[in-house]
Amino acid sequence: MFSLVPWLPALPGLAWGWALLDALLQGESPRGWHGDGLGTSWGTPVTHCCLFPTGLVGACAVSVLCSLLKVYLYIQCLNNPKRQAEKEAIQAQRWVLEPLHVVVLTGVLALVGSRVAALVVLEFSLRAVSTVLSLGKGAHSSQLYLLCQYSLGCGVSCSLSFLLEGAPHGTCNLVLAAGLAGLLATYARRLAHHVCTLYELHSRARYCGVCILLLAGGHGISRLLRNALAVTFAVADLAAVALINRDFLSTAEAIRFWMPLTICYTLLVIYMQGEK
């Protein structure tokens, strides 16, 4: 695996500091360092490390979803005179709180760990199936976007942990993924701010290329988000099952775990459908 240590000069203190950074990015603790204060060998997993970059990637994914959903809802409210109050509420939101939301969500996703995130993803997937089945009975399609935000962060974090587990150059891949996710979230947030501030003026004057593009194809944002979420949770479900099955010593233990869990959640979905 790619490591930062061989690139450093022979300075013990500096080398140890970079070794610590390299281990944290890989989700491991250096020798003598552990979350409970006990000395352990190199390679002990750090389960409560807020610097774990998969949490940042998951938080950025939630930020992108919120920004694009805000753009879609603002355009819909602008085209509907009866929803002017909702449009003003979207404009009145404090944009300064969004980076704080990303920081807090990064810490939460890093604290829960991949196994808890896997269970959250599987639980939401079943609820999503129930919601999709009830769409024909009058449920609003935007409800799923609002419910999936935390589960989306868990799904991205869980998938990234599974896909990069044991991969060569894992540290470099994690840093690159976190950087690209942050860049994408920044541009999505700028797009939402631009739309909520200038879209109404630019769409009438045909002045801005971005606003003209949204005027022509803004209705497709909902379909784009729906397809992206479907692909994301499909990958996350496979990663979640693989991460959970890794803890079982035999197939019989896995069956004893999955069988009652599947039956309980199936009955829960059927009960929820009956209530709706």
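For the structure, check the block above.
Since we're looking at a predicted model, the values are computed, not measured. (Residues numbered from 1 in each chain as written. Predicted model: local features only at pLDDT ≥ 70, side-chain atom pairs only at ≥ 80, totals over all residues. Heavy atoms only, no water.)

Chemist: Give a description of the overall build of the protein chain that names residues and reports values.
Modeler: Looking only at helices and strands, the protein chain has 10 helices and 2 strands in total. Shown N-terminal to C-terminal, the secondary structure of the protein chain runs as helices and strands in the order α-β-β-α-α-α-α-α-α-α-α-α. The buried share among the 276 residues of the protein chain stands at 37%. Total accessible area computed for the protein chain in this model is approximately 15,600 Å², and 69% of it derives from carbon and sulfur atoms. (Helix = DSSP H or I, 4+ residues; strand = E, 2+ residues; numbered from the N terminus. Buried < 20%, exposed > 50% of the residue type's maximum accessible area, 1.4 Å probe, protein only. Areas by Shrake-Rupley, 256 points an atom, 1.4 Å probe, with all protein chains shown as cover.)

Chemist: Mind laying out the state of the cysteines, listing which residues take part and the relevant values?
Modeler: Each disulfide consists of one covalent bond between the sulfur atoms belonging to two cysteines. For the coordinates displayed, the defined rule picks out 0 disulfides. Free of any disulfide, Cys66 has its nearest cysteine sulfur in Cys148, 8.6 Å distant. The exposure class assigned to Cys66 is partly exposed, which follows from its relative accessible area of 25%. With no disulfide of its own, Cys211 has Cys208 as its nearest cysteine by sulfur position, at a separation of 3.9 Å. You can call Cys211 buried: its relative accessible area is 0%. (Disulfide = S-S within 2.5 Å.)

Chemist: Kindly report on the packing of aromatic side chains, identifying the contributing residues and their values.
Modeler: As enumerated under the stated definition, the model contains 1 aromatic pair in all. Between the aromatic rings of Phe124 and Phe233, the centroid separation amounts to 5.0 Å while the plane-to-plane angle is 40°, which identifies the pairing as tilted. Of this pair, Phe124 sits in helix 4 (residues 97-133) while Phe233 sits in helix 9 (residues 221-245), and the two are 109 residues apart along the sequence. Considered together, Phe124 and Phe233 belong to a single accessibility category, that of buried residues. Over the aromatic face of Tyr187 sits the side chain of Arg190, whose NZ or CZ is 5.6 Å from the ring centroid. (Phe/Tyr/Trp six-rings, centres within 6.5 Å; stacked < 30°, edge-to-face > 60°. Lys NZ or Arg CZ within 6 Å of the ring centre and 35° of its normal.)

Chemist: Could you give me a rundown of the packing of helix 2 (residues 53-78) against helix 6 (residues 149-163), with the residues and numbers involved?
Modeler: Helix-helix packing is characterised by the crossing angle of the two axes and by the distance between the axes. Here helix 2 crosses helix 6 at 140°, and the two axes come no closer than 8 Å. It follows that helix 2 is oblique to helix 6 by the angle criterion. The two elements helix 2 and helix 6 cross, and the hand of that crossing is right-handed. Touching Thr54, Gly55, Val57, Gly58, Ala61, Val62, Leu65 and Cys66 of helix 2 are Gln149, Leu152, Gly153, Val156, Ser157, Leu160 and Ser161, all from helix 6. (Axes fitted to C-alpha atoms, helices over the stretch in contact; angles between N-to-C directions. Parallel < 35°, antiparallel > 145°, perpendicular 65-115°, else oblique. Left-handed = near helix turned anticlockwise from the far one by under 90°. Contact = heavy atoms within 4.5 Å.)

Chemist: Describe the pattern of salt bridges, listing the residues and the values that go with them.
Modeler: A full pass over the atoms with the stated rule returns 2 salt bridges. Across the salt bridge formed by Lys70 and Glu98, the nearest N and O atoms sit 2.7 Å from each other. Here Lys70, found in helix 2, pairs with Glu98, found in helix 4; they are 28 residues apart in sequence, far enough to count as distant. With respect to burial, Lys70 and Glu98 carry one shared label: buried. Across the pair Arg127 and Glu123 runs a salt bridge whose closest N-O atoms are separated by 2.8 Å. Of this pair, Arg127 and Glu123 both sit in helix 4, 4 residues apart, which is roughly one turn of the helix. (Salt bridge = Lys/Arg side-chain N within 4 Å of Asp/Glu carboxyl O.)

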